[in-house]
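Spelled out, the chains give:
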Amino acid sequence: MTLPEKWGVVSHVLTLENSIIREILKLSSQPGVISFAGGLPAPELFPLEDLKEASVRAIDKHGPIALQYSLSMGVTEFRKAVAEVTRHQIPDVKMENILITSGSQQGLDLVGRAFIDPGDYVVCESPTYTGALQAFNFYQARYMTVGMDDDGMIVDEVEAAIKKRRPKFIYVIPNFHNPTGITMSLKRRLQLIELANKYELPSIDDNPYGDLRFEGDPVPSLRALGGDTVISLMTFSKIVTPGLRIAWLVSPEGMMPIFERVKQSCDLHTSTFGQMVLLEYLKMGKLDQHIEKIRRTYSARRDIMVNAIAEYFPSGTKVVKPKGGLFLWLTLPNKMSAKDLLPKAIAAKVAYVYGSPFHPNGGGEDTMRLNFSTANEKDILEGIKRLGRIVTENM
Ligand SMILES: Cc1ncc(COP(=O)(O)O)c(C=O)c1O
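Residues numbered from 1 in each chain as written. Predicted model: local features only at pLDDT ≥ 70, side-chain atom pairs only at ≥ 80, totals over all residues.

(A) Broad picture of the domain arrangement of the protein. What the domain assignment reports for the protein is domain 1 (3–46 + 289–393) and domain 2 (49–283). Between domain 1 and domain 2, the residue contacts involve 32 residues of the former and 30 residues of the latter. Going through the elements one at a time, α3 (20–28), α12 (287–312) and β12 (327–331) are the ones with two or more residues in the side of domain 1 that touches domain 2. The element contributing the most residues to the side of domain 1 that touches domain 2 is α12, with 6 residues. Classifying every residue of the side of domain 1 that touches domain 2 gives 17 nonpolar, 11 polar and 4 charged. (Domains from an automatic or database assignment. Contact = placed C-beta atoms within 7 Å. Helix = DSSP H or I, 4+ residues; strand = E, 2+ residues; numbered from the N terminus. Nonpolar A, V, L, I, M, F, W, Y, C, P; charged D, E, K, R; others polar.)

(B) Representation of the nonpolar core in the model. Judged by nonpolar contacts, the single largest core of 104 residues is most densely connected at Tyr171, Trp248, Leu278, Tyr352 and Leu370. Here this core takes 5 residues from helix α11 (residues 272–283), the largest share from any one element. Three or more residues apiece are contributed to this core by two domains, here domain 1 (3–46 + 289–393) and domain 2 (49–283). In this view, tyrosine 171 contacts Val122, Val123, Cys124, Thr128, Ala132, Ile204 and Asp206; residues no more than four positions away in its chain are not counted. (Core = buried A, V, L, I, M, F, W, Y, C linked by C-beta atoms within 7 Å. Buried ≥ 20, exposed ≤ 12 C-beta atoms within 10 Å, placed from the backbone.)

(C) Fine view of the site of the ligand. In the region of the ligand, 14 residues are neighbours, and Gly103, Ser104, Gln105, Thr235 and Ser237 sit closest. In terms of residue count, the dominant contributor to the shell around the ligand is helix α6 (residues 103–115) (3 residues). When grouped by side-chain class, the residues that make up the shell around the ligand number 5 nonpolar, 8 polar and 1 charged. (Near = placed C-beta within 6 Å.)

(D) A look at the packing of α6 against helix α7 (residues 130–138). As a packed pair, α6 and α7 sit with axes 9 Å apart at the nearest point and diverge in direction by 35°. Taken as a pair, α6 and α7 cross one another with a handedness that is right-handed. Residues Gln105, Leu108, Asp109 and Gly112 of α6 lie in contact with α7, whose contacting residues are Gly131, Ala132, Ala135, Phe136 and Phe138. Broken down by class, the residue content of the contact of α6 with α7 amounts to 5 nonpolar, 3 polar and 1 charged. (Axes fitted to C-alpha atoms, helices over the stretch in contact; angles between N-to-C directions. Left-handed = near helix turned anticlockwise from the far one by under 90°.)

(E) Examining the environment of glycine 103 more closely. On the secondary structure map, glycine 103 appears in helix α6. Given 20 C-beta atoms within a 10 Å radius, glycine 103 is considered buried. Not counting residues up to four positions away in its chain, the partners in contact with glycine 103 are Thr235, Ser237, Arg245 and Ala247.

Here it is in structure tokens:
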């Protein structure tokens, strides 16, 4: 018997799996490995000097308050500033709709706490973000998966899923989806809103990448399209830094007392100091120009990766070229297993995440997710060259 078994750790926690991505990240952190496995923002783009200055200002201006316990919903002045940051995506947002969370990952956990009883169904795309699955699995969710095409979630499949097993909510990543990079079209968004309203079902719009658009016009958010049933998750992780773990949940006001309660049960409140630092950073007025810099860098890296795949991968390889975000989604030729290929790739010192863990009900064995934000241009070229060789040799 293992110690957790002897001590009676609850059975569903004993059987929870560790994140496969985090396991692959351990392998890919060996020296010399070029990793396309994580979803890390480029560290050289973190606004270090500005955040240093913002940290000093947080202490100078707010004194001990910056280091004290604070409100569960978030620091009031910060919530107001966050409402401003949110307004271009959710025009009618008010401070009262915002709960500051410790990362969007906590937002997912709070949604799980609030909605999922053991065995409840959740509708989600397949593939979908593994972190959401981990969060919902903790509450013993089951999944009704719907497919994706170039326009995102195939909403036609959702109604049948709703009718079959009354799910608790619809989880969707409409902008530069993780892992596929696909953005949901306006038509599909309207269709989803209509359906959610018809069945009075909440939709969870997980939106960490909405601001990282490289080209084309933004598609209005689900909530902006009239979705009073929408709960949105947004984060500073990809547009400033993930290390502060500051994100926010936008919800109809009627749900806020519930979210306040589940937030309290979780961690009382998000780091006061982290909120104050970001508040002072936002007051500097540099966020937009900083996001512009990130977009330029990532867009160039995406192009290098897409072009290198065209050059070094065998014909029959399919790639989705995203208009933003952090990820490329690739389908291997001849139904090759991306999982079987990984040890060979690691031996050749290049890493990626194979696609199957993103499929809660199975599938996707011949797919892989490649991150283009972390490695520099030279490493992207070299890594794709190595990976292309491994794929070709194993055809
Ligand atoms: C779709 C999606 N949701 C949520 C998260 C978690 O973000 P955060 O760093 O804010 O916890 C990520 C991170 O990669 C993500 O891709």
